[in-house]
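Survey of secondary and tertiary structure
If you want the building blocks of each chain, they are given just below.
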Amino acid sequence: MKEIARSVQRLTKVYRILLRAYSPRFRRAYSAEMAKTFQARCVRAIEERGRPGLILWVCRAILDVAWNAPLERISTWREARGAAAGSEVPAKPGATPGDSGWVGLMQDFRFVFRLLARRPALAVTLVLTLGLGTGATTALFGIMDAALLRALPYPNADDIVLVRQSDPEFGAYGFAPPYIADLRERITGLESLAGFSSSWDLTLTGLGDPRLVVASYVTDGLFDLFGATPLMGRLFDRTEYATSGGHAVVVSRAFWERNFGTETTLGAQALTLEGEIYPIVGVLPALPMPITASIVDSNGASAEVWLPFSANPYAELRSIPVMNVVGRLPDGGTVEAVAGELDSVREALVRDYPDIGVGTTLVIDRLREVVTRDVRRTVLTLFTAAGLLLLIACVNVANMLLALSTARGQELAVRRALGAGRRRIARQLLAESLVIATLGCMVGLALGAWLTSTVLRTGVAGLPPSADVRVDLRVAGFAALLAVATTVFFGVAPALHAVRSGVLVAGGDRRATGVGRRTRNLFVAAEVALAVTLLVGAGLLERSFWNLVQVDPGFRAEGLLQIPMGLSSSGRDTPGSRRAFLDHALGALEALPGASAVAAVNRLPLGGSNVFVDVEVEGEGPAGEARSSVDRRVATPGYFDLMRIPIVAGREFGPDDLPASPIPAAIVNETFVRRRLPDGSPVGRRLRLMLRGGPGPWLTVVGVAGDVQHHGLDGSAQPEVYVPYAQASVESMVAVVHTTDSPAGFAETARKAIWTLDPNMPLDEVLGVEELLRSTVAEPRFRAVVLNGFAALALVLAAMGIYGVIAYAVERRTRETGVRVALGARPSDVVLVLVGEGVRSAAVGALIGLAGAWALGQALSPLLFEVGSTDALTFGGVSALILVVALTASYLPARRAAQVDPVDALRAD
Amino acid sequence: MPLSDPDAFLPLTPVTFEILLAVAEAPRHGYDVMLAVERRTKGRINPNPGTLYRALDRLVRQGLLEVTDEPVVERGEPRRVFHLSSLGERVAAAEAERMADQIGAARARGAFRGREP
């Protein structure tokens, strides 16, 4: 509500500015009241029809000013003139208004529309060019605004900081929940400290199909810190925060409305989460939780239900860092000041709790920086690209307007001769620019809104979920400002230059002046330079994307369907019962028509989450030095065959690898062999994993598997140890089915089959492995697609610009050409002169552009995969392309010039 | 100097006539006039601020409305209050008469047609 009141106030301010269009006398008398009326009507519009009502009303009010202010000015002016002439009769409507004030401007606008109507092709090109430039920039500004500027929708979000532990191997991560009390006690430089867990999938039953809901556990003070107040009910009370296993839940408004309807009031509703009943005590408006890949174990979705941290299964453990700790800087406090304090805090912690981690340090960052870090480079790159596109569009518009003003030299000269002052002509030019800018801005806004919705559909991977991309008043204002500034600067300035530079003085001499030609050649060079920069950037990203797609992930995803299953719910408390369930489930899946093979693994490749454990190889010196982290994977027999991961030595897991087997088995990957078992045959060597409860049993390597890109296509393979599921009971597994049907079609059958075994098993993440693989390249694909689109547009605009300039030069120089041909020049000479002029400008531009591209390449280099930022192929290819385009764009009009009949040409002047 | 012959102002635009009617009922400030017009016409006439205040301004300048010198303070907001002048009264009456005459003519014609076999 407060937000609405604020926006009404802002709108009223804008309205007051618009009211300046009325005459000063009228304003003095009525503007205060009109503003109040406007405000009252805004409030009424919102009450009656909500936000759309408000928008409609604002549009109406703007049109009202646009219509009434000039009329009011005219009648005031008429009366003033009547009074000055001593006449008591108001001036007749037919009286000719002079060329001052609004009347003149209205006349100017009418004139512009007539002018544009006479040159529809030019008008459409101008408006579209401007629209493309502003549209792309607007959309990207909208995304940048959401992703970087408004990333955190909390009050005073800039003061919120994240305190983490950091070590060289794993980077920064959170704290085990009990440490919050110690941190609160010891960190003095922060006003309040609170904790929240990252997104936590909980099984929800008893409300439709069993499914996973995204939850977050919060400590006291967190809702305050994020400025959340309940719409209905209350937040957690002291006992709920404190008691072990506090049983209460707060849900989001969207969750509430989806499950209980919009009309229901909060009563005795409850949720069954993981089989336990939690009464709903409150409903919150949307509270986007700050989530990024860099915050521990996040699954990337924003929470819809919140529980007190006391209900978290790890709430009492000092060993598992599941809590993100956030705090607020006091007024005038700085991150640096708190950072200085953290070393001593850490020392005190290590004294009290030696387990807290060897080699870790405490770090503090602004939450905004952490949340936006992953997406910043992508968004800034694309915004820069959009900016370049806008610049090209501006140059093109300037070019066209300059050509227009020169072409109209005679008309303007006649008007000057008839007594129009320079100011009058400047105003006429301003009116033209404004009309074009307004139309271009409208096209740009529509395009921007469309692009934004497309982007929302495609999704910028890594965009914080709290980011709310939209085209709002600010973004629209930005677009309008851009369009107006562009056309006024590039429209009025060159035109005035043309007026001054003697075109008019010469009485409308239609031959091109040296100055105009030089300016236009400069424009061509600028356009080509910008286009080359963009094209090279796009080319680099495209090549990088192709390299990424070409990476062999180490397995074949075709026809595979993944079915993640939590095994420990529904009362399966023992490893035996979990194993039995998985066996049943795999059996049921294999029996389905369409299923050709079935296996299971604890984490699929590229799934985003991995389990690292320390490993010790037998006979490799004392523990500590020889230990290092490996990826631990748990697989069932048949997994390697199903995924088509090659076994390069030894054997796969088989039915003989049983829980009680005297020789527990392990399969290692090639990278593990290279790093840890370089000498002799790895098969038969022994190793053990350092598990949560201490060292595991000695495992014997029975086989070596090919490397798999578990951590992303652009990463390098990590050392891995696979153990058979029968010998390492874990609580969740991903069943993988190879189906001859389409994975999507098979999914429903598979779900039903599992639900006959356990009706409470949430199965929302059943999806094709190929889809998963595709989604891992979604972000590079998105970058490449957007930048390529921009580059293609840039190329078209640059080609248009070159063509326009040469065509214009040809037209201006028809007489000169005719004289040359009459004096015996061959048509090919004429073509050569003209093409030479175009290509020269383009070549100069291309050189400058290559320098720009080099700079852009440096900025892009962290986004590139196996392509140098100065990739010769890309740079060379783009240069060749732009020269071919320049050649073609100059040749076509030049050839026309050469075909001119000298007699016609001489007569043309 | 304002004209003094009421007929010189006729015919009035619907908005102007509605404004005169609204102010004839009671002196009102601008937003109040807007609400009164809207209420009486059941939303059919719903003038925008620009149209309304421009009409009010014109009527004041033509002498049909008068403005109280001192702004009335209502809920802390100073507002100008518009009254109907005697000229305004006469103009409104003349317009009403003119319209009544037209309506009478229309009725007479309708009655004539109704009697036709």
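See the structure shown above.
The paragraphs below set out a description of the structure included in this document.

Let us look at the overall build of chain A. Counting its secondary structure elements, chain A contains 24 helices and 24 strands. Per-residue burial over chain A gives 50% buried out of 909 residues. A separation threshold of at least 6 residues defines the contact pool for chain A, and within that pool the share at least 24 residues apart is 80%.

The subject of this paragraph is the interface of chain B and chain A. Taken residue by residue, the interface counts 22 residues in chain B and 20 residues in chain A. Both sides of the chain B and chain A interface together cover about 2,100 Å² of buried area, and 46% of this is carbon and sulfur. Interface area lost by chain B to chain A is led by Y53, R54 and R61 of chain B, which between them contribute 30%. Between chain B and chain A we count 2 salt bridges in total. In this assembly, chain B and chain A are joined by 13 residue pairs in polar contact (both at pLDDT 80 or more). Of all the secondary structure elements, the ones that give two or more residues to the side of chain B that touches chain A are α2 (30-40), α3 (49-62) and β4 (77-79) of chain B. At 9 residues, α3 of chain B tops the list of elements feeding residues into the side of chain B that touches chain A. Within the side of chain B that touches chain A, the residues separate by chemical class into 10 nonpolar, 5 polar and 7 charged.

Our focus in this paragraph is the packing of helix α1 (residues 14-25) of chain B against α3 of chain B. Residue and element names in this part refer to chain B. For the pair α1 and α3, the least separation of the axes is 10 Å and the interaxial angle reads 70 degrees. In terms of orientation, α1 lies roughly perpendicular with respect to α3. Mapping the contact onto sequence places T16, I19 and L20 in α1 and L52, A55, L56, R58 and L59 in α3. Class assignment for the residues of the contact of α1 with α3 results in 6 nonpolar, 1 polar and 1 charged.

Residues and elements named next belong to chain A. Summarising burial for strand β14 (residues 595-601): 5 of the 7 residues are buried, a large majority. Bridge analysis of β14 against strand β23 (residues 732-739) gives 6 bridges, and the strand direction is antiparallel. Looking across to β23, one finds that V598 is bridged to V737.

This part is about the packing of aromatic side chains. All names here are of chain A. Inspection of every chain in the model, using the stated rule, returns 18 aromatic pairs over all chains. Measuring from ring centre to ring centre gives 4.8 Å for Y22 and F26, while their planes differ by 25 degrees; the resulting arrangement is stacked. A residue is classified by how much of its surface remains accessible, and F26, at 0% relative accessible area, is buried. For the pair F223 and F236, a centre-to-centre distance of 6.1 Å together with 40 degrees between the ring planes defines the contact as tilted. Here the residue F223 occupies a position in helix α6 (residues 222-225), and F236 occupies one in the loop between β6 (232-233) and α7 (238-242), the gap between them amounting to 13 residues. Each member of the pair F223 and F236 is classed as buried.

Looking now at a nonpolar patch on the surface. Residues and elements named next belong to chain A. Taken together, the side chains of V14, L18 and I62 define a hydrophobic patch exposed on the protein surface, amounting to about 230 Å² of accessible area. Looking at where L18 falls in the secondary structure, it is placed in helix α1 (residues 2-18). Residue classification places L18 among the partly exposed residues on the basis of a relative accessible area of 31%.

Cut-offs and rules
Residues numbered from 1 in each chain as written. Chains lettered and ligands numbered in written order. Predicted model: local features only at pLDDT ≥ 70, side-chain atom pairs only at ≥ 80, totals over all residues. Heavy atoms only, no water. Helix = DSSP H or I, 4+ residues; strand = E, 2+ residues; numbered from the N terminus. Buried < 20%, exposed > 50% of the residue type's maximum accessible area, 1.4 Å probe, protein only. Contact = heavy atoms within 4.5 Å. Buried area = accessible area lost by both parts, 1.4 Å probe. Salt bridge = Lys/Arg side-chain N within 4 Å of Asp/Glu carboxyl O. Polar contact = N/O pair within 3.5 Å; in protein donor to acceptor, adjacent residues only side chain to side chain. Nonpolar A, V, L, I, M, F, W, Y, C, P; charged D, E, K, R; others polar. Axes fitted to C-alpha atoms, helices over the stretch in contact; angles between N-to-C directions. Parallel < 35°, antiparallel > 145°, perpendicular 65-115°, else oblique. Pairing = 2+ DSSP bridges. Phe/Tyr/Trp six-rings, centres within 6.5 Å; stacked < 30°, edge-to-face > 60°. Patch = residues over 30% accessible without salt bridge, like charges linked within 9 Å, V, L, I, M, F, W, Y side chains within 5 Å. Areas by Shrake-Rupley, 256 points an atom, 1.4 Å probe, with all protein chains shown as cover.

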